[in-house]
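Structural characterization, general
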Amino acid sequence: MLETLIPLVVNKSVEVIVGILLEKFCKWVLSDANIKSANNFLKMQILVLYLDWVLRKTSLKSLSEESEEKEKKTGG
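A brief report on the enclosed structure follows. This one's a predicted model, so the numbers in the text were calculated from it and none came from an experiment.

**Some thoughts on a nonpolar patch on the surface**
Among the surface-exposed residues, Leu2, Leu5, Ile6, Val9, Val10, Val14 and Val18 lie close enough to one another that they form a single nonpolar patch of about 610 Å² accessible area. In this fold, valine 14 is placed in helix α1 (residues 2–29). Residue classification places valine 14 among the partly exposed positions, given a relative accessible area of 44%.

As structure tokens, then:
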């Protein structure tokens, strides 16, 4: 009797503890502060991707040509 009761009690205890921890974790993840932080992080990532795209779109050759033209105009 005791051999079957102990595993049942342990299993039920683990289920309850994991359930409570999961509930607290979900409340923490979905808190306003975390959502705002994730939103700001996402905006920053979009900005970085856009800047990366713009820089890759602009070829290095055209950049060097522009700098040479500026040097010629300024007399450098």
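**Quick look at the packing of aromatic side chains**
For the structure shown, the criterion picks out 2 aromatic pairs. Taken together, a centroid distance of 5.9 Å and an interplanar angle of 35° make the contact between phenylalanine 25 and tryptophan 28 tilted. With phenylalanine 25 and tryptophan 28 both in helix α1 and 3 residues apart, the pair spans about one turn of that helix. Overall, the relative accessible area of 54% leaves tryptophan 28 in the exposed class.

**Details of the pattern of salt bridges**
Pairs can form between side chains of opposite charge once their charged atoms are near each other. Across all of its chains, the model carries 3 salt bridges by this definition. Salt-bridge contacts for glutamate 15 lead to lysine 12; the nearest nitrogen and oxygen are separated by 3.9 Å. Of this pair, glutamate 15 and lysine 12 are both found in helix α1, 3 residues apart, which corresponds to roughly one turn of the helix. Between lysine 27 and glutamate 23 there is a salt bridge, with the nearest N and O atoms lying 3.6 Å from each other. Taken together, the residues span about one helical turn, with lysine 27 and glutamate 23 both in helix α1 at a distance of 4 residues. A relative accessible area of 57% places lysine 27 in the exposed class.

Cut-offs and rules
- Per chain, residues are indexed from 1 in the order of the written sequence.
- Two thresholds apply to this predicted model, a pLDDT of at least 70 for residue-level local features and 80 or more for giving and counting side-chain atom pairs, whereas whole-chain, interface and lining totals are computed over all residues.
- The basis for the side-chain values is all heavy atoms of the structure; hydrogens and waters are excluded.
- Only residues whose relative accessible area exceeds 30% and that take part in no salt bridge are eligible for patches, with like-charged residues grouped when within 9 Å of each other and nonpolar side chains (Val, Leu, Ile, Met, Phe, Trp, Tyr) grouped when within 5 Å.
- Shrake-Rupley sampling with a 1.4 Å probe provides the accessible areas, and residues are treated as covered by the protein chains on show and by no other component.
- Each salt bridge in this description consists of a side-chain nitrogen of Lys or Arg and a carboxyl oxygen of Asp or Glu lying within 4 Å of one another.
- Under the scheme used here, helices are H or I runs from DSSP no shorter than 4 residues and strands are E runs no shorter than 2 residues, and both carry numbers assigned from the N terminus.
- Exposure classes here rest on a 1.4 Å probe applied to the protein chains alone. A residue is buried below 20% of its type maximum, exposed above 50%, and partly exposed in between.
- Between 30 and 60 degrees the pair is tilted, below 30 it is stacked and above 60 it is edge-to-face, where a pair is any two Phe, Tyr or Trp rings, Trp via its six-membered ring, whose centres lie within 6.5 Å.

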